[in-house]
Amino acid sequence: PPPVAGSGAGCVRSLFASSSPDQATGLHVSVTRLPPSSFSHILLDPPCSALGLRPRLHLPSGSDVRQYSAYQRGFVDQAVKLLKRGGRLAYSTCTYNPEENEGMVKYVLEKYRGMELVDVGVDLGKRGVDGCGLTDEQRGMVR
């Protein structure tokens, strides 16, 4: 496959989730024609509330923001299925909403007992916020 345009990376493929709703969940997240455990590394940048982007002419309502984390769980679930044992999943959003960040880390750690949060050695930005169910050590690994 060709490299991602302009990335300088020759070993990266950009894949897209389907926009067709899943019959079981109703979510519009489905990756087809890929067997489980297909990738050793996945960078997941799901749609988010984008509260970290400025300027904003329209801010989503509270219920809209809560819907994003439910939607993102579908992406996370698909990514975990596609991840090889011992692989790495990097999760990224452009929001400061704890439900979409620290809450998603908590979701992954609780649902997928084989997953663990690792310190990547980058100390940019502030640590994760308190009150989202993560330990102090885990919050130190969230940016």
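Described below are features of the structure shown in this document. On a predicted model such as this, the values are computed, not experimentally measured, just so you know.

### Concerning the packing of helix 1 (residues 62-82) against helix 2 (residues 102-111)
- Put simply, helix 1 and helix 2 touch, their axes get as near as 11 Å, and they point 45° apart. The orientation of helix 1 with respect to helix 2, classified from their angle, is oblique. Between helix 1 and helix 2 lies a crossing whose hand is right-handed. Contacts between helix 1 and helix 2 involve Ser-69, Gln-72, Arg-73, Val-76 and Asp-77 from the first element and Met-104, Tyr-107, Val-108 and Lys-111 from the second.

### Remarks on helix 2
- Along helix 2, the residues classified as buried are Glu-102, Met-104, Val-105, Tyr-107, Val-108 and Leu-109.
- Against the buried residues of helix 2 lie helix 1, strand 2 (83-91) and helix 3 (136-140).

### Observations concerning a nonpolar patch on the surface
- Taken together, the side chains of Val-120, Val-122 and Leu-124 define a hydrophobic patch exposed on the protein surface, amounting to about 300 Å² of accessible area.
- Note on placement: Val-122 falls in the loop between helix 2 and helix 3.
- Residue classification places Val-122 among the partly exposed positions, given a relative accessible area of 43%.

### Quick look at the packing of aromatic side chains
- Enumeration according to the criterion identifies one aromatic pair in this entry.
- When the ring of Tyr-71 is compared with that of Phe-75, the centres are 5.3 Å apart and the planes differ by 90°; the resulting orientation is edge-to-face. You can see Tyr-71 and its partner Phe-75 sitting in helix 1, four residues apart, about one turn around the helix.
- Just above the ring of Tyr-107 sits the side chain of Arg-73; from NZ or CZ to the centre is 5.6 Å.

### Examining unusual backbone geometry
- With a phi close to 60°, Ser-37 is a non-glycine residue in the positive phi region.
- Residue position: Ser-37 is located in the segment before strand 1 (39-44).
- Classification of Ser-37 as partly exposed rests on a relative accessible area of 39%.
- Here Ala-50, not a glycine, exhibits a phi torsion of approximately 60°, which is positive.
- Structurally, Ala-50 can be placed in the loop between strand 1 and helix 1.

What counts, and where the lines are drawn
Residues numbered from 1 in each chain as written. Predicted model: local features only at pLDDT ≥ 70, side-chain atom pairs only at ≥ 80, totals over all residues. Heavy atoms only, no water. Axes fitted to C-alpha atoms, helices over the stretch in contact; angles between N-to-C directions. Helix = DSSP H or I, 4+ residues; strand = E, 2+ residues; numbered from the N terminus. Parallel < 35°, antiparallel > 145°, perpendicular 65-115°, else oblique. Left-handed = near helix turned anticlockwise from the far one by under 90°. Contact = heavy atoms within 4.5 Å. Buried < 20%, exposed > 50% of the residue type's maximum accessible area, 1.4 Å probe, protein only. Patch = residues over 30% accessible without salt bridge, like charges linked within 9 Å, V, L, I, M, F, W, Y side chains within 5 Å. Areas by Shrake-Rupley, 256 points an atom, 1.4 Å probe, with all protein chains shown as cover. Salt bridge = Lys/Arg side-chain N within 4 Å of Asp/Glu carboxyl O. Phe/Tyr/Trp six-rings, centres within 6.5 Å; stacked < 30°, edge-to-face > 60°. Lys NZ or Arg CZ within 6 Å of the ring centre and 35° of its normal.

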